Amino acid sequence: MTTRIPIVENILSANDRMAARNRDLLDQAGVYSINIMASPGAGKTSLILKTLEALNGRLKLGVIEGDLATSIDAEKAAAAGLPAVQINTGGDCHLDAAMLADALPTLPLEDIDLVLVENVGNLICPANFQIGTHLNVLVASIPEGDDKPYKYPGMYRGVQVLIINKIDLLPYVPFNMDYFKRGVEILNPGVVTFAVSSKTGEGMDEWADWLVERVKNNGG
Ligand SMILES: Nc1nc2c(ncn2[C@@H]2O[C@H](COP(=O)(O)OP(=O)(O)OP(=O)(O)O)[C@@H](O)[C@H]2O)c(=O)[nH]1
Ligand SMILES: [Mg+2]
């Protein structure tokens, strides 16, 4: 116990120092960045692709995809015309700042306003590792169930934006929105929230408009 705690603290502070360097690099390049976190299959990649459509050219995007294995998601982003890079964590359940540091220089940052980082699908680990991005976004989705804020409080506490995805499934899946939102409110009062469907596009304009304002206001 007495030997393990300092080791963990050292790893986390080394990660935080690297995250600060990533932020400096992004700020110097005038690039805003978002860390998109969610459980597997919540719709992170679908949201990125629908966001591209809804932005309709208002921001130039770059994408960094984090997965245990494969380049499936980066290929989807590249097929949509985006500069994209895949990070394979080789088993790690989250991205860390060093992985982002390796990936960032491979993107043409001078031609990008906003980097969307898709973290590894996981509702626990990514919350513990800052990677240097400007904004933490959580994608929750209707089929996951309305109890997730109560069961994964760390993730719900640590984000500035909550996107509730797959609202097109509300008629088909039991989901008590009031119960869900009460749980969110306890953990993260007043968190900026959007309800969207990455399938039908519902709610995407509000999210995209907010994003454009946010990037412009942050000098990105
Ligand atoms: N009905 C419905 N399906 C959706 C929506 N968004 C995503 N999906 C579907 O959900 C599945 C998973 O979507 P992805 O975008 O791959 O999810 P992800 O979070 O990127 O998944 P991982 O990268 O594997 O963690 C796919 O079959 C999508 O078509 C939505 O808003 N409504
Ligand atoms: Mg994905």
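Our structure is the block above this text.
Note that the structure is a prediction, hence the values are computed from the model and not measured. (Residues numbered from 1 in each chain as written. Chains lettered and ligands numbered in written order. Predicted model: local features only at pLDDT ≥ 70, side-chain atom pairs only at ≥ 80, totals over all residues. Heavy atoms only, no water.)

## Digging into the state of the cysteines
Threshold: Working definition: a disulfide is two cysteine sulfur atoms within 2.5 Å of each other. Put simply, DSSP marks the helices as runs of H or I at least four residues long and the strands as runs of E at least two long, and each gets a number from the N terminus on. With a 1.4 Å probe rolled over the protein chains alone, any residue whose accessible area is under 20% of its type maximum counts as buried; one over 50% counts as exposed, and the rest are partly exposed.
Tallying each qualifying case throughout the model produces 1 disulfide. Between the sulfur of Cys 93 and that of Cys 125 lies a disulfide, 2.3 Å long from S to S. Its torsion about the S-S bond being -95°, the disulfide of Cys 93 and Cys 125 is classed as left-handed. Of the two residues, Cys 93 sits in the loop between strand 3 (84-88) and helix 4 (97-103) while Cys 125 sits in the loop between strand 4 (114-118) and strand 5 (135-141), which places them 32 residues apart along the sequence. In this structure Cys 93 comes out as partly exposed when scored by relative accessible area, which is 25%.

## What about the pairing of strand 2 (residues 61-67)?
For clarity, the threshold we go by: At least two DSSP bridges between two strands are needed for those strands to be called paired. Look down the strands so they point away from you; if going from the first strand over the helix to the second traces a clockwise path, that crossover is right-handed.
With 7 of its 7 residues buried, strand 2 lies for the most part within the structure. Bridge count between strand 2 and strand 4: 5 bridges; the pairing is parallel. Each bridged residue has a counterpart across the sheet, and for Glu 65 the counterpart in strand 4 is Glu 118. Taken together, the 5 bridges between strand 2 and strand 3 define a ladder with parallel strand orientation. Within the sheet, the bridge partner assigned to Gly 66 lies in strand 3 and is Ile 87. In this region the chain leaves strand 2, passes through helix 3 (residues 72-79) and returns to the parallel neighbour strand 3; the handedness of that crossover is right-handed.

## Some points on the pattern of salt bridges
Cut-off, in case you're wondering: Any Lys or Arg side-chain nitrogen located within 4 Å of an Asp or Glu carboxyl oxygen qualifies as a salt bridge.
Summed over the entire model, instances satisfying the criterion amount to 3 salt bridges. One salt bridge in this structure joins Lys 50 and Glu 53, with 3.6 Å as the shortest N-O distance. One end of the pair, Lys 50, and the other, Glu 53, are both in helix 2 (residues 44-55), 3 residues apart, so they sit about a helical turn from each other. Judged by relative accessible area, Lys 50 falls into the buried class, the value being 16%.

## Some thoughts on the coordination of the magnesium ion (ligand 2)
We apply this condition: A 2.8 Å cut-off from the metal defines N, O and S donors, relaxed to 3.2 Å for Na, K and Ca; water is not in the atom list, so some sites may appear incomplete.
Of the protein atoms, only Thr 45 (OG1), Asp 73 (OD) and Glu 118 (OE) coordinate the magnesium ion (ligand 2), at distances of 2.1 Å. All donors of the magnesium ion (ligand 2) belong to a single chain; written as a sequence motif, their spacing is T-x27-D-x44-E. Taken together, the residues Thr 45 in helix 2 and Asp 73 in helix 3 connect sequence positions 28 residues apart. In terms of burial, Thr 45 and Asp 73 fall into one category: buried.

## Focus on the site of ligand 1
We count it as follows: One heavy atom suffices: a residue is near a molecule or strand as soon as one of its heavy atoms comes within 4 Å of it. Polar contacts, as used here, are pairs of N or O atoms within 3.5 Å; protein pairs need one atom able to donate a hydrogen and one able to accept it. Residues neighboring in sequence count only if both atoms are side-chain atoms. Only the protein chains shown count as cover for residues, with accessible areas throughout obtained via the Shrake-Rupley method and a probe of 1.4 Å. Side-chain classes follow a simple rule in which Ala, Val, Leu, Ile, Met, Phe, Trp, Tyr, Cys and Pro form the nonpolar group, Asp, Glu, Lys and Arg form the charged group, and the remainder, Gly included, forms the polar group.
For ligand 1, the set of nearby residues contains 17 residues, the closest of which are Lys 44, Thr 45, Ser 46, Asp 168 and Ser 198. Contact distances for ligand 1 include 2.8 Å between a nitrogen atom and a side-chain N or O atom of Asp 168. Alone, ligand 1 offers 660 Å² of accessible surface; in the complex the protein occludes 70% of this. Element by element, the count of residues in the shell around ligand 1 is highest for helix 2, at 3 residues. Along the lines of polarity and charge, the residues of the shell around ligand 1 split into 3 nonpolar, 8 polar and 6 charged.

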